[in-house]
Structures are given as C-alpha cells and as structure tokens.
Amino acid sequence: MKNRECVRRRWIFLALSLLWMAVIFYFSGQSGSESGALSGFLSELLGLPDWVVRKGAHMAEYAALGFFLAGFFLTFPGKRMWLPAWGTAVLYAASDEIHQMFSDGRGPAVRDVCIDAAGAVIGVAAMCLITVFFRRRRNKPDE
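Residues numbered from 1 in each chain as written. Predicted model: local features only at pLDDT ≥ 70, side-chain atom pairs only at ≥ 80, totals over all residues. Heavy atoms only, no water.

A. Representation of the nonpolar core. One finds Y62, L65, L69, F73, A85 and Y92 to be the most contacted residues of the largest nonpolar core, which totals 21 residues. Every element with two or more residues in this core is listed here: α1 (3-28), α3 (50-73), α4 (82-100) and α5 (110-139). If one sorts the elements of this core by residue count, α3 sits on top with seven residues. (Core = buried A, V, L, I, M, F, W, Y, C linked by side-chain atoms within 4.5 Å. Buried < 20%, exposed > 50% of the residue type's maximum accessible area, 1.4 Å probe, protein only. Helix = DSSP H or I, 4+ residues; strand = E, 2+ residues; numbered from the N terminus.)

B. Expanded view of the environment of L74. The topology assignment puts L74 in the loop between α3 and α4. Put simply, L74 and F13 are 61 residues apart on the chain and 9.8 Å apart in space, counted from C-alpha to C-alpha.

C. The state of the cysteines, seen in detail. Under the criterion given, the structure shown has zero disulfides. Looking at C6, it has no disulfide partner, and the nearest cysteine sulfur is the one in C128, 15 Å off. (Disulfide = S-S within 2.5 Å.)

D. Local environment of the packing of aromatic side chains. Counted under the stated rule, the structure contains seven aromatic pairs. Judged by centre distance (6.1 Å) and plane angle (70 degrees), the rings of F67 and F68 are edge-to-face. Look at F67 and you get partly exposed, because its relative accessible area is 24%. For F68, a relative accessible area of 17% translates into the label buried. Taking 6.5 Å as the distance between ring centres and 45 degrees as the angle between the ring planes, the aromatic pair formed by F73 and F76 counts as tilted. The exposure class assigned to F76 is partly exposed, which follows from its relative accessible area of 31%. Connected via pairs of aromatic rings, a cluster forms that spans W20, F67 and F68. Sitting over the face of the ring of F76, R10 holds its NZ or CZ atom 3.9 Å from the ring centroid. (Phe/Tyr/Trp six-rings, centres within 6.5 Å; stacked < 30°, edge-to-face > 60°. Lys NZ or Arg CZ within 6 Å of the ring centre and 35° of its normal.)

E. The arrangement of the packing of α1 against α4 in detail. One can describe the packing of α1 onto α4 by two numbers: an axis separation of 9 Å at closest approach and a directional angle of 25 degrees. Classed by the angle they form, the pair α1 and α4 counts as roughly parallel. The interaxial crossing formed by α1 with α4 has right-handed handedness. Counting all contacts with α1, which are made through M21, I24, F25 and S28, the residues of α4 involved are T88, Y92, D96, H99 and Q100. Here the residues of the contact of α1 with α4 are counted per class, giving four nonpolar, four polar and one charged. (Axes fitted to C-alpha atoms, helices over the stretch in contact; angles between N-to-C directions. Parallel < 35°, antiparallel > 145°, perpendicular 65-115°, else oblique. Left-handed = near helix turned anticlockwise from the far one by under 90°. Contact = heavy atoms within 4.5 Å. Nonpolar A, V, L, I, M, F, W, Y, C, P; charged D, E, K, R; others polar.)

Okay, structure coming up:
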C-alpha cells in the first residue's frame, strides 16, 4: 500500500473508531428506563426475547468497534496488529461498564464485557479476513 493511501486509511479508521466510541458512550449514558424502552421496542419488533436483543446489541456494537480498530491498527507495520485492536476494544468495554455505574438504573456487569470482547473478536476477524482476501486478489497474477 502506498504511504499516502495508508495514512489516509489510518485517519479514516481512527475517525470511525472514535465516532463509534462516542455512539457507545451515548447509549451507555442512557438511564435504565430509556435503555429498557429501546430494547423492549426492538424485541417486540423482532419477536425476540429482551435479553437476546440487549446482549445482541452489545455484541454488534463491539463487532463494529473491533472492525474499525482493526482497520486502524492494520495500517501500521507488524504481523499481529489484531491484538492491539482487540485489546483496545476490550479496555473500552470495561470503561463502558464503569460509565454505566453513573447512569440511573444501570450498573456494571463482567458478563457484558465478555460479550463485548466476543463481539470485538468477530469484528477484528472480519477485517483481517477482508484484508487477506483483497491482498491475495491484488497480488494474484492476471490469468
């Protein structure tokens, strides 16, 4: 990847990561009743139990964050850049649970950090697979 293109991608993925962290921070700041109303609405709409919607949202939020962070860290040289991407997402998940202690009707849960970490693995893995696919395709000789 050309240096200029690499720097451009780095800034794009950093901006996406920070924006997504702000979205997560916003949802964590909702009171228990606000959060419950949103997940209740979605569970009725989708016909799923409330806990599936709530935990699925945790996983999806952090899959997206893991994806964006992996895109950012993959712009740096090194072979194991997935690890800092996943680690950053997990640290943010832990800080997110602490943030929820200050929201009415909400509290921290280690289980949620584990669910968030699993979501981050999915997002990081998706970015890594996409990167490998496009690198192989780019390096493949014309037939």
